[in-house]
Structures are given as C-alpha cells and as structure tokens.
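Here is how the chains run, residue by residue.
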Amino acid sequence: MRLACLFVAACALLLAPVAAHAAKDADAPAGKTKSAQKKAAGKKKPAPAAEKTTRPTKVTRTLRPGALTVNVGHEINEESHVTPFPSFAGHAKKAMAATRRDQLIDAEQAARASKLADRWWTVLFHLRSLDSRNDQEACFWRVVAYYRLGELARARALRGMCEPPPSVQTILDNEDAMSSTLQPLEALPEMAAAGEKAPAPVVNTEAYGGPAFPR
C-alpha cells in the first residue's frame, strides 16, 4: 500500500511540469491576439478614396471682350478746369501764376547763360510742370530746346501742337533752319528710311541769343 502511494506521488511530480507547460501554450494565442489588437488600434485606418480631401484647384476664368464696362453716368469734359483751394481761389491763382513766372524765368536764364553744362536739358527741367498746349511761352522754350538738341521731328511736332503766335513763328523758323544745317543728312526726318536707325543728332550747345518771347 505504501509503495502504491509513493508511485502515485512520483507520477504527479513528473506530470506537473508537463501540465504547466501545456497551460502556458494554451494561453499564448490569447496574449498574441490582444497584442495584435492593440497594434491594429494604434494604426490609423486609411481614409476611403471618396473621403479624401483634395486641395481645391484654381479656376481660370477668361473675361469676354467688352465684359468690363464703366458707366459713370456722364461724359467727361476734357476742357473743364479744376479750381485748387476754391475757398481761396484768388490767392491760389496768384501763387500759381508766380510759380509759373519763376519757372519761365529760370528756363530763359538757363538758355541764355554763357556757360552751362547740359544747357538744354536744364531748360526742359525748369519747364517740366508747365503744359505746352495751354502755355505758349512754355511751348516756345521747349521747341527751342528740342531744336538745339537736334531733335527736329520732336520740335516740329510740338510746334504744330501748341501753335505759337505769328510773331514767334519767324524765330522758330530760324531755329529750324539752323538745326537742320548741323544734322547729318541721314538724321533729317524727311530723309529717314523706314527700318534704319538714324544717327545720333548733333547738339548745339551755344547759348540762345535771339529775341525773348513777346508777353
């Protein structure tokens, strides 16, 4: 009887490690399954193609010819004049007249100076804010400056636009003739061939010694 008990106890001791190992193997798939579930939960599920947000494309629109029109409700009168400082119109007019006279005096002094570098460009600089179409004296000095710079075509075009008085036409005719004699034949506007580059004009740097503009 004692031997039987010892035999049973020995068998139990021998089978205990085997049972423990079998239980460990049985629990392993469950652990792996939980780990796999955690990894899968950590990964973001890719969005379906229909749910993906795409950057809006820039739409190019072509305007129809004449699509943009401005209707101001009235015609623009190019001959209208704006009065600066209407509350002090008299004072403003007097100040502007004084400024104009100073600029014309500076232009004439530059034209008549005995020695002056860039003489005719200086004359044009003093006249920069005066409108030749509405100021015949400013037009006169501009035309003289362009004649002296050898720019015959520009001087003639400006002269025809501002229409100086007959008493000044003779002075400008002399300036035209003098400038024409200084220019090479290819530089004259009437001799310029289409598509050919005209030679550089000859500048007359001499001081102006003619009569002043009649006031």
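Scroll up to find the structure.
In this report, we go over the structure that sits alongside the text.

What counts and how
Residues numbered from 1 in each chain as written. Predicted model: local features only at pLDDT ≥ 70, side-chain atom pairs only at ≥ 80, totals over all residues. Heavy atoms only, no water. Helix = DSSP H or I, 4+ residues; strand = E, 2+ residues; numbered from the N terminus. Buried < 20%, exposed > 50% of the residue type's maximum accessible area, 1.4 Å probe, protein only. Contact = heavy atoms within 4.5 Å. Patch = residues over 30% accessible without salt bridge, like charges linked within 9 Å, V, L, I, M, F, W, Y side chains within 5 Å. Areas by Shrake-Rupley, 256 points an atom, 1.4 Å probe, with all protein chains shown as cover. Salt bridge = Lys/Arg side-chain N within 4 Å of Asp/Glu carboxyl O. Core = buried A, V, L, I, M, F, W, Y, C linked by side-chain atoms within 4.5 Å. Axes fitted to C-alpha atoms, helices over the stretch in contact; angles between N-to-C directions. Parallel < 35°, antiparallel > 145°, perpendicular 65-115°, else oblique. Left-handed = near helix turned anticlockwise from the far one by under 90°. Nonpolar A, V, L, I, M, F, W, Y, C, P; charged D, E, K, R; others polar.

### Describing the side chain of Arg 148
Here is step 1 of the chain: Looking at where Arg 148 falls in the secondary structure, it is placed in helix H4 (residues 136–148).
Here is step 2 of the chain: Accessibility expressed as a relative area gives 5% for Arg 148, which makes it buried.
Here is step 3 of the chain: Not counting chain neighbours up to four residues away, the residues in contact with Arg 148 comprise Trp 120, Glu 175, Met 178, Val 202, Val 203, Asn 204, Glu 206, Ala 207 and Tyr 208.

### Quick word on a nonpolar patch on the surface
Here is step 1 of the chain: A contiguous nonpolar patch, built from Met 178, Leu 182 and Val 202 and spanning about 210 Å² of accessible area, is present on the exposed surface.
Here is step 2 of the chain: By the secondary structure assignment, Leu 182 is in helix H6 (residues 166–182).

### Some thoughts on the pattern of salt bridges
Here is step 1 of the chain: For the structure on display, the rule yields nine salt bridges.
Here is step 2 of the chain: The residue Arg 133 makes a salt bridge to Asp 131 at a minimum N-O spacing of 3.4 Å.
Here is step 3 of the chain: One salt bridge connects Asp 173 with Arg 159, and the closest N-O pair in it is separated by 2.3 Å. Linking Asp 173 in helix H6 with Arg 159 in helix H5 (residues 152–162), this pair joins segments that are 14 residues apart in sequence.
Here is step 4 of the chain: A residue is classified by how much of its surface remains accessible, and Asp 173, at 40% relative accessible area, is partly exposed.

### As for the nonpolar core
Here is step 1 of the chain: Ranked by internal contacts, the top residues of the largest apolar core, which has 29 residues, are Trp 120, Val 123, Leu 127, Phe 140, Val 143, Leu 172 and Tyr 208.
Here is step 2 of the chain: Among the elements that take part in this core, H4 stands out by supplying nine residues, more than any other.
Here is step 3 of the chain: If sequence neighbours within four positions are ignored, Trp 120 has contacts with Ala 111, Val 144, Ala 145, Arg 148, Leu 149, Asn 204, Thr 205, Glu 206 and Tyr 208.

### Overview of the packing of helix H3 (residues 119–126) against H4
Here is step 1 of the chain: Where H3 contacts H4, the axes come no closer than 9 Å and their chain directions differ by 155°. One way to sum up the angle between H3 and H4 is to call them roughly antiparallel. Crossing of H3 against H4: the hand is left-handed. Seen from H3, the contacting residues are Trp 120, Val 123 and Leu 124; seen from H4, they are Trp 141, Arg 142, Val 144, Ala 145, Tyr 146 and Arg 148.
Here is step 2 of the chain: Here the contact of H3 with H4 is composed, by residue class, of seven nonpolar, no polar and two charged.

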